Amino acid sequence: MAADTDHFDALDSLADTHQKKLAESLVTLENRIADLVATAPLQDGKLFDLEWAVNARNELRQAINEDYLTEVDSIIRDYDQVAVDAATMLGEYGDIVQLDQDVIGQLQQMTFQGFEDLGAEHLDIISKQVYESTLTGATFANSVNAVREVVGKDMARYASQQVHDSLMQFDRAVNTKIALDSGATRFKYRGSDDSKTRTFCRKHVNKVYTIDEINEIWQGEWTGKSSSNAFATAGGYNCRHRFRPVFDDLDVEEQAGEPVETIQKRKVPEKLTKKAAVASVTSKLKKSTVKPKDFRERPTDQYGVGFDGKYHTRFKPYKATRYTTPDQAADMLEEQAGKIFDRGMTDQTLTLLDSALDETAELATKFKVPNIRTVVPVSGRATMSMGDGRLGINPTYWNPKAQIAFEGNETILKKAAKKRAEATALRSELDDIIVKYRDEQDKAIPDAATLKLLARDHKKKLAKAKAAEKAANKAEAAVPAPANTWQVGDDLDDRPWSAKEYYDNAEDQFANTIRHEFGHLVHQEHNRNGTEGGMFDTGTPIEKYLENLFWADKSTGRRSPVRVFPTKYSEANHKEWWAENFALYNGGRKDLVDPKLSGLMDEMVSKDGRLTVFDEWDFRRGEYAK
Amino acid sequence: MSLSKAFKRASEIVQEEPLAQDIIKQLDTLYDAVPEDEKDDFLWFYEQVELTTNLLVEV
């Protein structure tokens, strides 16, 4: 293996060892703190002694120093050898200068300080937790659980990431410093390319760039990015990649052709104003729903209407109530066709929609179905919905994602951080209120009015804190995760829940969800005859075919073992299975599509008119061909 | 990754035929109970049931 690969593998292995050692020390720390809480004086099984709680901080500090920081110190001592190995590895690629030992010492010192900060932060949290448990008279068991939660989960999670990232950053810093001092001007992005590799890193791995090119690329945004300093943090949190200097042209040619990502990221359209976006969407909807006079004579009857010239209705139109009759529904759909009801949708969401409608117009032609007729806000929590060509969009869900598509993650993460800070401040005020409330209670004659006011203030601020936390969670959740890399044949547990998770950016996820909904439109409209719907809805001919393929035994809920289910959600039922496959087929991921459905879609696309007989199924009658 | 009980329960009730009359209400309750990292996936249950609950039936 190449010298750099050997070095990086050894480093990955060392990072694993460090994480394991630190995890063990945190288990010891967790047990020690639990033992400490066990020494707290109890009254009726509850903590009560505030003086003990205050003094416990000293013992907690000592425990953190002895169990956590001692282990960290031992881990960072390993960095000496890492620096020696890095220099040896770089020596394989050119003449290098040696790094000053003082620089190595300073880097180690700074790394240790980072762990000290983490320890101090958690000392505060744990001390506060113990004090609060005592103040509120928590039971011993609850107090221990609360402390274990902080050490065993929160602190362990942060420390584990920090121990990994610190080692990688140290190695990167040493590498870069030696390289620059040795006159390097070009660097190769090196490291693994496997299922854990984020899309950004996969795109650049094994490529050679100049320093200026690196700085320019790293100004961009991607999921998991932690800073724009490419040489220090590479792809971001938990990244296993780094730059290695290139001194030899042969080194460039040898590996520059290695494979990179295969999916082209969707281009974000130029943002329109809300007025322009609504006008453009309306124009597209009108164009796709205007019925020419001879529509019934056209071979594929692409308008999906009955003999009265009205659209077939199977679903409730926008603003329908439980009392809306089918006749009224048909009139409502007719009236709503060619319109968008854009309530709550931002200019950014509308721009993405406008762009997506160009794609659905092409899909409508390819799959011989009417295009989307109207766009409305969804009535519930679904992110999107479809019925009779009525596309429902949930602005609450999509607006933040659309914002990310146009502005990158930063704006939304700033918003999340602001809300998080707001919540923290409110939580602190709540703590003060509790103290004041208890002080008042402890008085010989507590003032009822004061207690009532404090209780009211507490309730109000608690609601505000919860709302701020919810807003922060929501904003953070809008940031897409790295794309799922599951392939047919891999472990089924590793599949994403939905097809949009095969894409790592908001604009592609939006487009994928539109395609999923359009997949529903296809099974609802292709060869539709107007008799579907009603109390005993039997489905269109294509839906009956799909149902036949999907189930091995519907009565027991057993799905066909020979089908490919590219996402967990595709296992829900035959319609969702189709919609997920449809989205992937038309989204550049045919490799994930069930072969039977892929064949069906190929047939639909290549055939001049609508399906007649395929796979021995009569797609006009909805039964096996005789 | 193991799913929460609330998420698993939701995946069961959306498979029932016929769907419960108050399916949306049941989903709302379960949605509030699932952890934050499952909420995005959970929203698909609403999409799934809407294909049935949104059917136009004669009253």
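Values in this document were obtained by computation on a predicted structure and should not be read as measured data.

Peer 1: When you look at the overall build of chain A in this model, what are you seeing that I'm missing?
Peer 2: The secondary structure content of chain A amounts to 19 helices and 13 strands. For chain A, buried positions account for 40% of its 626 residues. Considering only contacts within chain A whose residues lie at least 6 apart along the sequence, 69% involve residues at least 24 apart.

Peer 1: What's the story with the overall build of chain B in this structure? I'm lost.
Peer 2: What chain B contains, in helices and strands, is three helices and zero strands. Listing each helix as α and each strand as β along chain B from the N terminus yields α-α-α. In chain B, buried positions account for 34% of the 59 residues. Long-range pairs, those at least 24 residues apart, make up 64% of the contacts in chain B between residues at least 6 apart in sequence.

Peer 1: What am I meant to see in the pairing of strand E8 (residues 390-393) of chain A here?
Peer 2: Residues and elements named next belong to chain A. Going residue by residue along E8, you find Arg-390 and Gly-392 tucked away on one face and Leu-391 and Ile-393 tucked away on the opposite face as well. Pairing of strand E6 (residues 374-377) with E8 involves four bridges; the strand directions are parallel. If you follow Val-375 over to E8, its bridge partner there is Leu-391. Count of turn residues in the strand E7 (residues 384-387)/E8 antiparallel hairpin: two residues, of which Asp-388 carries a positive phi of about 55°.

Peer 1: Just to check I follow, could you spell out the interface of chain A and chain B for this structure?
Peer 2: With 29 residues of chain A at the contact, the number on the chain B side is 20 residues. Classifying every residue of the side of chain A that touches chain B gives eleven nonpolar, eleven polar and seven charged.

Peer 1: Quick question: what am I supposed to make of the packing of helix H1 (residues 3-38) of chain A against helix H2 (residues 50-77) of chain A here?
Peer 2: Two quantities define a packed helix pair, namely the angle between the helix axes and the distance between the axes. All names here are of chain A. In the contact formed by H1 and H2, the axes pass within 10 Å of each other and the chain directions differ by 165°. Taken together, the axis directions place H1 and H2 in an arrangement best described as roughly antiparallel. You can see that H1 and H2 cross each other, and the crossing is right-handed. Residues His-18, Lys-21, Leu-22, Ser-25, Leu-26, Thr-28, Leu-29, Arg-32, Ile-33 and Leu-36 of H1 touch H2, and the partners they reach there are Ala-56, Glu-59, Leu-60, Ala-63, Ile-64, Asp-67, Tyr-68, Glu-71 and Ile-75.

Peer 1: What is the right way to look at the sheet that holds E6(A) in this model?
Peer 2: Sheet strands pair by backbone hydrogen bonding; their relative direction is either parallel or antiparallel. Residues and elements named next belong to chain A. Strand order in the open sheet formed by three strands is E6-E8-E7, and the pairing between neighbours is mixed. The open sheet is flanked by E6 and E7, the only strands paired with a single partner. Averaged over all pairs of adjacent strands, the angle between their axes in this sheet comes to 20°, without regard to strand direction.

Peer 1: What is the right way to look at the sheet that holds strand E5 (residues 242-246) of chain A in this model?
Peer 2: All names here are of chain A. Ordered by their spatial adjacency, three strands build an open sheet running E4-E3-E5, and the pairing between neighbours is antiparallel. The sheet is open, and its two borders are formed by strand E4 (208-210) and E5, each paired with just one other strand. Each adjacent strand pair in this sheet contributes to an overall mean axis angle of 40°, direction not counted.

Peer 1: What is the right way to look at helix H13 (residues 395-407) of chain A in this model?
Peer 2: One turn of an α-helix holds 3.6 residues; hence residues three or four places apart share an orientation. When the terminal C-alpha atoms of H13(A) are compared, their 17 Å separation across 13 residues agrees well with the 18 Å that a helix rising 1.5 Å per residue should span. Looking at the buried positions of H13(A), the neighbouring elements they touch are helix H12 (347-366), E8, helix H14 (409-442), helix H15 (448-477) and helix H16 (506-525) of chain A.

Peer 1: I'm lost on the environment of A:Glu517 in this one. Help?
Peer 2: Residue and element names in this part refer to chain A. Considering the arrangement of structural elements, one finds Glu-517 in helix H16. Distance from Glu-517 to Arg-390, taken between C-alpha atoms, is 9.8 Å for residues 127 residues apart in sequence. What Glu-517 contacts, discounting residues up to four positions off in sequence, is Met-384, Ser-385, Met-386 and Leu-391.

Peer 1: What's the story with unusual backbone geometry in this structure? I'm lost.
Peer 2: A negative phi angle is the norm for most residues apart from glycine, just as the trans form is the norm for most peptide bonds. A cis amide bond links B:Glu17 to the next residue, B:Pro18, at an omega of -5°. At A:Asp44, a position not held by glycine, the phi torsion is positive, near 55°. Counting through the fold element by element, A:Asp44 comes out in the loop between strand E1 (42-43) and strand E2 (46-47).

Peer 1: Would you mind showing me how to read the nonpolar core here?
Peer 2: What tends to happen in soluble globular proteins is that the nonpolar side chains get buried as a cluster. Within the largest apolar cluster, 82 residues are counted, with the highest numbers of intra-cluster contacts made by A:Val281, A:Leu353, A:Val375, A:Ile393, A:Phe510 and B:Phe45. For A:Val281, the residues in contact, after removing those within four places along its chain, are A:Ile340, A:Leu350, A:Leu353, A:Asp354, A:Leu357 and A:Val375. A:Ala15, A:Ile64, A:Met89 and A:Phe170 belong to the second-largest nonpolar core, a separate cluster that totals 57 residues.

Peer 1: What's the story with the packing of H12(A) against H13(A) in this structure? I'm lost.
Peer 2: Residues and elements named next belong to chain A. At their nearest, the axes of H12 and H13 sit 8 Å apart, and the two run at 85° to each other. As far as their axial angle goes, H13 and H12 are roughly perpendicular. Here Gln-348, Thr-349 and Leu-352 of H12 lie close against H13, whose contacting residues are Pro-395, Trp-398, Asn-399, Ala-402, Gln-403, Ala-405 and Phe-406. Residues that form the contact of H12 with H13 fall into these classes: six nonpolar, four polar and no charged.

Peer 1: Looking at this structure, how should I read the environment of B:Ile24?
Peer 2: Examined against the element boundaries, B:Ile24 turns out to sit in helix H2 (residues 23-33). Here the alpha-carbon distance between B:Ile24 and B:Thr53, two residues 29 residues apart in the chain, equals 8.8 Å. The contacts of B:Ile24, once residues within four sequence positions are left out, are A:Gly380 and B:Thr53.

Peer 1: Is there a simple way to think about the confidence of the model for chain A in this case?
Peer 2: Note that predicted coordinates carrying low pLDDT should not be read in detail. Residue and element names in this part refer to chain A. In the predicted model, chain A carries a mean pLDDT of 88, and the fraction of residues at 70 or more is 94%. For chain A, helix H9 (residues 249-255) is the element with the lowest average pLDDT, namely 58, and helix H18 (residues 574-585) is the one with the highest, namely 98. Considering only residues more than four positions removed or in separate chains, one finds that residues 254-262, a stretch of pLDDT under 50, has nine contacts.

Peer 1: Before we go on, may I ask you to explain the confidence of the model for chain B in this structure?
Peer 2: Residues and elements named next belong to chain B. On average, chain B scores 92 in pLDDT, and the residues at 70 or more come to 95%. By mean pLDDT, helix H3 (residues 36-53) is the weakest element of chain B at 94, and helix H1 (residues 5-13) is the strongest at 97. Two summary scores accompany this predicted model of the complex, namely pTM at 0.60 and ipTM at 0.97.

Peer 1: Sorry, what's going on with H12(A) here?
Peer 2: Between its first and last C-alpha, H12(A) extends 29 Å over 20 residues, near the 28 Å set by a 1.5 Å rise per residue. Once H12(A) finishes, A:Lys368 follows within two positions and takes phi at roughly 55°, a positive value.

About the thresholds
Residues numbered from 1 in each chain as written. Chains lettered and ligands numbered in written order. Predicted model: local features only at pLDDT ≥ 70, side-chain atom pairs only at ≥ 80, totals over all residues. Helix = DSSP H or I, 4+ residues; strand = E, 2+ residues; numbered from the N terminus. Buried ≥ 20, exposed ≤ 12 C-beta atoms within 10 Å, placed from the backbone. Contact = placed C-beta atoms within 7 Å. Pairing = 2+ DSSP bridges. Nonpolar A, V, L, I, M, F, W, Y, C, P; charged D, E, K, R; others polar. Axes fitted to C-alpha atoms, helices over the stretch in contact; angles between N-to-C directions. Parallel < 35°, antiparallel > 145°, perpendicular 65-115°, else oblique. Left-handed = near helix turned anticlockwise from the far one by under 90°. Expected span 1.5 Å × (residues − 1). Core = buried A, V, L, I, M, F, W, Y, C linked by C-beta atoms within 7 Å. pLDDT = per-residue confidence, 0-100.

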